[in-house]
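Spelled out, the chains give:
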Amino acid sequence: MNDVAVKPSRDVYPGDLITLRKDQIEYIVEVIDLPANRR
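Residue numbers here run from 1 along each chain, matching the order of that chain's written sequence. Predicted model: local features are reported for residues with pLDDT of at least 70 only, side-chain atom pairs are reported and counted for 80 or more only, and whole-chain, interface and lining totals are derived from all residues. Side-chain numbers here rest on the full set of heavy atoms in the structure, without hydrogens or water.

K.L.:
Tell me about the overall build of the chain, and name the residues and values.
P.N.:
Within the chain, the regular secondary structure consists of zero helices and two strands. Dimensions of the chain along its principal axes, counting C-alpha atoms only, are 35 × 20 × 15 Å. In the chain, which comprises 39 residues, the proportion classed as buried is 8%. The contact definition used throughout considers only heavy atoms, calling two residues in contact when any of these lie within 4.5 Å. Put simply, 0% of the contacts in the chain that link residues at least 6 apart link residues at least 24 apart. The method behind every accessible area is Shrake-Rupley, applied with a 1.4 Å probe, and residues are considered shielded solely by the protein chains displayed. Carbon and sulfur atoms make up 52% of the accessible area of the chain, which totals about 4000 Å². None of His or the chain ends enter the tally, which takes Lys and Arg as positive and Asp and Glu as negative. By convention, charge coordinates are those of NZ in Lys, CZ in Arg, CG in Asp, or CD in Glu. Taken as two groups, the 6 positive and 7 negative side-chain charges of the chain have centres that lie 9 Å from each other. The helix count covers DSSP runs of H or I at least four residues long, the strand count covers runs of E at least two residues long, and both are numbered beginning at the N terminus. The buried label goes to any residue with under 20% of its type's maximum accessible area, the exposed label to any with over 50%, and the partly exposed label to all in between, with areas taken from a 1.4 Å probe on protein chains only.

Encoded structure:
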């Protein structure tokens, strides 16, 4: 996340960039908004 390795329990906030790899393809996802509650 944001070019730093993090633990799974790290909170995410709008504007964060999440980089992940799946089957040798690298994806970059930007967090735009979060729901008001966790449901």
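Picking up where we left off.
K.L.:
Break down unusual backbone geometry for me, with residues and values.
P.N.:
Despite not being glycine, Asn2 shows a phi value in the positive range, around 50°. The topology assignment puts Asn2 in the segment before strand 1 (17-22).

K.L.:
Tell me about the pairing of strand 1, residues and numbers included.
P.N.:
Here, a strand pair is defined by DSSP locating no fewer than two bridges between the strands. Sheet topology places strand 1 next to strand 2 (residues 25-30); six bridges connect them, and they run antiparallel. Residue pairing in the sheet places Ile18 in a bridge with Val29 of strand 2. Connecting the antiparallel pair strand 1 and strand 2 is a turn made up of two residues, with Asp23 showing a positive phi of about 55°.

K.L.:
I'd like to hear about a nonpolar patch on the surface, residue by residue, with values.
P.N.:
Among the surface-exposed residues, Leu20, Ile25, Tyr27 and Val29 lie close enough to one another that they form a single nonpolar patch of about 330 Å² accessible area. Here the element with the most residues in the nonpolar patch is strand 2; it accounts for three residues. Ile25 gets classed as partly exposed once you look at its relative accessible area, which sits at 43%. Patch criteria: residues need more than 30% relative accessible area and no salt bridge. Like-charged residues are merged within 9 Å; nonpolar side chains of Val, Leu, Ile, Met, Phe, Trp and Tyr are merged within 5 Å. The working definition used for a salt bridge is a side-chain nitrogen of Lys or Arg within 4 Å of a carboxyl oxygen of Asp or Glu.

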